[in-house]
There are 2 protein chains.
Amino acid sequence: MRERKDRDRTFSRRSLTGQVAHSLGMQIVCGEIAEGEVLATEEAASRAHSVSRTAYREAIKVLTAKGLVDSRPKIGTRVRPRDDWNMLDPDVMQWASKLATTTDFADSLFEFRLIIEPEAARLAAEKQLEEKINMIATGLEIMETTEPSTQENLDADLAFHAAILNASGNEFLRSLNHMVDALLIWSFEISSRKEGIRAASVPLHRSVYNCILKRDGNGAKQAMAHLLQSAREDIDQIVLPDNEGDQASANRVGPTQR
Amino acid sequence: MRERKDRDRTFSRRSLTGQVAHSLGMQIVCGEIAEGEVLATEEAASRAHSVSRTAYREAIKVLTAKGLVDSRPKIGTRVRPRDDWNMLDPDVMQWASKLATTTDFADSLFEFRLIIEPEAARLAAEKQLEEKINMIATGLEIMETTEPSTQENLDADLAFHAAILNASGNEFLRSLNHMVDALLIWSFEISSRKEGIRAASVPLHRSVYNCILKRDGNGAKQAMAHLLQSAREDIDQIVLPDNEGDQASANRVGPTQR
DNA sequence: AAACTTTATTAATCATACAATAATGTAAAA
DNA sequence: TTTTACATTATTGTATGATTAATAAAGTTT
């Protein structure tokens, strides 16, 4: 039921504008274009990307909207300081995840999710918004009845986490679901390198849901925290594979270089 | 020290494109243009706004980047379901705050901040990133030495909260600072209707800082929670001025129904 | 009824021209 | 010499028209 379409919630890459925004956004987030750096003029840059100035400008507007750049006449388009980037924007998030060579990214990520998602689970248990809780069940059931490391299983996982955020009844928390999607897809790609990891997490999902059903707010919160910590350990095992302590091994799991 | 420039971190309203994006974005977030609704064609809409198609299209790209709309040939530009909006985007946040007539908005808001900011304070206390903690002090000192309800005092308040998020050492938390800015400005405008409210909060800020200095993570967390709860009560007093309906106040914690 | 064409509508893209802006250099004035 | 005022110029901002591509909906055939 959940098809590819759900993946399109981030800025569309079908259009030329989308492609340029994606390409430039990635370069900026990955540091290939440094903070404070001024991009080539529209004239030159659009030619470099083989698109019209119009298409290029629209791409820049997209990046501007996400806080990545700022354009001014006579100055040019300058990359804004990292502090101003909207890291919680699903696209920025996804771009950033591509360069997640260091464990820093994974750490910040799980630290953040550990703040957000357990509380969302608690709120879901306390508020008991029936229809929304049913959607959690739906995701969970598919997770339990499909093979781990399949597309369908991942989609169910995404649906589960999105449903929890949604069932928190807080629209700011709900807004994080696109971001969490980007993350889950990232960790799916990482963790599918190693067998058996994902299967183990299904019961943890179940116990989160059970607590919510029982209206056990603190239980749900703890269960979710447990689930995330478990996921973090799995990821750490891979991203930081047998630490002999040197930089090289940490960098070994390189990003998808273009 | 902190001038107007800091207020410009959201999408610039100087350009025509910015004005149109602002106007349309506001209409969408406020529900004047409903979810699922299809906007007029570029041709018509741009004329309605008295701008060129170029400027209008660029505005649409901005809204697309924030998840508010989606354009396709033969379909037109359609307002996406509320679930897809990036509520954490500073601009969207600011637009949404304009329609905060209901307490729902304030409630969701404080619920969210109560999840985020106390944890940020705890992390700041635990990680002890010296330079960043100094920035907290700077904001606090200005708060303590300026008149409440002045621009300077508000700016110091913004700086204080931003510094805490920053000192959490987590870049996702840090990203929330623009959003929190929008909120603080909103509550400043609300609360400045009533005298004396803001002065009372200064000691609460101080105790958050003291806990961070003492490396008391849980203390900092609780102090921040206390600060926010106090702010919430102040706002509630004004937004919901002497509730005549007990029913209404009982349901107050409810979700944003639609 | 189903599958497939066609058509009409709309955004997407391109090319070009001109306007507005602001950094920088230049000359006049103190 | 320093400052002020002014002109220069590079860059984005805005406007317009033309062309292309995508696609939903209507129509046609099987």
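Residues numbered from 1 in each chain as written. Chains lettered and ligands numbered in written order. Predicted model: local features only at pLDDT ≥ 70, side-chain atom pairs only at ≥ 80, totals over all residues. Heavy atoms only, no water.

Caption draft 1: Main features of the environment of Leu88(A). Of note, Leu88(A) is situated in the loop between strand S2 (76-79) and helix H4 (90-98). C-alpha separation for the pair Leu88(A) and His178(A), spaced 90 residues apart in sequence, amounts to 9.0 Å. Non-local contacts of Leu88(A), meaning those with residues more than four positions away in its chain, are made with Phe112(A), Leu176(A), Met179(A), Leu88(B), Phe172(B), Ser175(B) and Leu176(B). (Helix = DSSP H or I, 4+ residues; strand = E, 2+ residues; numbered from the N terminus. Contact = heavy atoms within 4.5 Å.)

Caption draft 2: Summary view of the packing of helix H1 (residues 16-29) of chain A against H4(A). All names here are of chain A. H4 packs onto H1 with a crossing angle of 60° between their chain directions and a minimal axis gap of 9 Å. By the angle between their directions, the pair H1 and H4 is classed as oblique. Remark: the crossing between H1 and H4 carries right-handed chirality. Between H1, through Ala21, His22, Gly25, Met26 and Val29, and H4, the contact on the second element is made entirely by Val92, Gln94, Trp95, Ala96 and Lys98. Each residue belonging to the contact of H1 with H4 can be placed in one class, and the counts come to six nonpolar, three polar and one charged. (Axes fitted to C-alpha atoms, helices over the stretch in contact; angles between N-to-C directions. Parallel < 35°, antiparallel > 145°, perpendicular 65-115°, else oblique. Left-handed = near helix turned anticlockwise from the far one by under 90°. Nonpolar A, V, L, I, M, F, W, Y, C, P; charged D, E, K, R; others polar.)

Caption draft 3: Molecular detail of helix H6 (residues 130-145) of chain B. Residues and elements named next belong to chain B. Over its 16 residues, H6 runs 23 Å from end to end, which matches the ideal 22 Å to within 8%, given 1.5 Å per residue. When H6 is considered as a whole, its buried residues turn out to be Ile133, Ile136, Ala137, Gly139, Leu140 and Met143. The buried residues of H6 all sit within an arc of 165° when viewed along its axis, so they share a single face. Of the residues in H6, the exposed ones pointing more than 90 degrees away from the buried face are Glu130, Glu131 and Thr145. (Expected span 1.5 Å × (residues − 1). Buried < 20%, exposed > 50% of the residue type's maximum accessible area, 1.4 Å probe, protein only. Arc of directions from axis to C-beta.)

Caption draft 4: Structural view of the packing of aromatic side chains. Evaluated as defined, the whole model comprises six aromatic pairs over all chains. A centroid spacing of 5.8 Å and a plane angle of 45° characterise the contact between Phe172(A) and Phe112(B), whose relative ring orientation is tilted. Residue Phe172(A) is found in helix H8 (residues 171-175), and its partner Phe112(B) is found in helix H5 (residues 103-127); the two belong to separate chains. For the pair shown, Phe172(A) and Phe112(B) are each scored as buried. A centroid spacing of 5.4 Å and a plane angle of 80° characterise the contact between Phe105(B) and Trp186(B), whose relative ring orientation is edge-to-face. Of the two residues, Phe105(B) sits in helix H5 while Trp186(B) sits in helix H9 (residues 177-191), which places them 81 residues apart along the sequence. Of the two residues, Phe105(B) and Trp186(B), both sit in the buried class. Among the aromatic residues, those joined into a ring-pair cluster are Phe105(A), Phe112(A), Trp186(A) and Phe172(B). (Phe/Tyr/Trp six-rings, centres within 6.5 Å; stacked < 30°, edge-to-face > 60°.)

Caption draft 5: The arrangement of the pairing of strand S1 (residues 69-72) of chain A in detail. All names here are of chain A. Examined bridge by bridge, S1 and S2 share four bridges and lie antiparallel to one another. Note that in S2 the partner of Ser71 across the bridge is Thr77. Between the end of S1 and the start of S2, which pair antiparallel, lie three residues, with Lys74 showing a positive phi angle near 70°. (Pairing = 2+ DSSP bridges.)

Caption draft 6: Here's a closer look at the protein's contact with DNA strand C. Near DNA strand C there are 21 residues, and of these Leu16(A), Ser52(A), Arg53(B), Arg57(B) and Lys74(B) occur at the shortest range. Counting only atoms of DNA strand C within 4 Å of the protein, the sugar-phosphate share comes to 71%. Within the side chain of Thr17(A), a nitrogen or oxygen atom sits 3.3 Å from a phosphate oxygen of DNA strand C. One nitrogen or oxygen atom from the main chain of Glu42(B) is found 3.2 Å from a phosphate oxygen belonging to DNA strand C. (Near = heavy atom within 4 Å. Polar contact = N/O pair within 3.5 Å; in protein donor to acceptor, adjacent residues only side chain to side chain.)

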